[in-house]
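Structural features, examined
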Amino acid sequence: MSEFNLSQALETNRSFVDKVIAESGQDIRQCYQCAKCSGGCPGTFAMDYLPNQIMRMLMLGMKEEVLKSQTIWVCMACNTCTTRCIRDIDVARVMDTLRQEAVKHGYTEKGRLVLIFNDVFLGTVRSYGRLFEAGLLMMNNMRTGNLMKDMQFGLPMMLKGKAKPFPHRIKGRKEIRKIFEETRRREGK
Ligand code: SF4
Ligand code: SF4
């Protein structure tokens, strides 16, 4: 195993740690490493690091390891960790900030499927004013190359009236588009 210089990592990445604290509004330095967050997290079976380990790695300035981790993309923002934290740290919010930082720094390889899903999901909301489930399923499968994924659920859902074959357009679509444009403007895109 290669050696890791912790003092150097913290010195080099102190501004990154400060940024995560500022952007998330969470003082990760308050973490006690009690691991209650990880104990309740439903996604740990698919994570490479537990949520409390991510918190510890952050404190130590391990920027690349955290941003390249599978954990931040497996996290489904269920907030269980946040409600369990004995130090009132909103761990889910920290994870969200880390995903944004990963995108900004180009570490998106492990989050590819998540980012495609988000893009398609928001695309249907932007076009129709609300989610179009069948369109989401088809577009997501086309863009990820998994053409038949979850197709067996499509027809039963339609027969039960849980998903419509055609999109329902709401009246305030102009206003919805304005929200998207304003968000883009604020993000500087
Ligand atoms: S928000 Fe993410 S890290 Fe927290 S418990 Fe849920 S899946 Fe785990
Ligand atoms: S529950 Fe809170 S204090 Fe405990 S390890 Fe997780 S983040 Fe740290």
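Anything mentioned here points back to the structure above.
Residues numbered from 1 in each chain as written. Chains lettered and ligands numbered in written order. Predicted model: local features only at pLDDT ≥ 70, side-chain atom pairs only at ≥ 80, totals over all residues. Heavy atoms only, no water.

What follows covers the environment of K160. With respect to the element layout, K160 can be found in the loop between helix 10 (151–159) and helix 11 (173–187). Judged by relative accessible area, K160 falls into the exposed class, the value being 68%. (Helix = DSSP H or I, 4+ residues; strand = E, 2+ residues; numbered from the N terminus. Buried < 20%, exposed > 50% of the residue type's maximum accessible area, 1.4 Å probe, protein only.)

Glancing now at the nonpolar core. Counting residues in each nonpolar core, the largest one holds 28 residues, and the members touching the most others are I28, M55, L58, V94 and L98. Where this core is concerned, the elements lending two or more residues are helix 1 (6–24), helix 3 (51–59), helix 4 (63–67), helix 5 (71–74) and helix 7 (91–104). In terms of residue count, the dominant contributor to this core is helix 7 (6 residues). Not counting residues up to four positions away in its chain, the partners in contact with L98 are F16, V20, I54, L58, V66, L67 and I72. (Core = buried A, V, L, I, M, F, W, Y, C linked by side-chain atoms within 4.5 Å. Contact = heavy atoms within 4.5 Å.)

All chains considered together, the criterion is met by 2 aromatic pairs. When the ring of Y128 is compared with that of F132, the centres are 5.7 Å apart and the planes differ by 90°; the resulting orientation is edge-to-face. When sorted by exposure, Y128 lands in the same class as F132, which is buried. It is R87 that lies over the ring of Y32; its NZ or CZ is 4.3 Å from the centre. (Phe/Tyr/Trp six-rings, centres within 6.5 Å; stacked < 30°, edge-to-face > 60°. Lys NZ or Arg CZ within 6 Å of the ring centre and 35° of its normal.)

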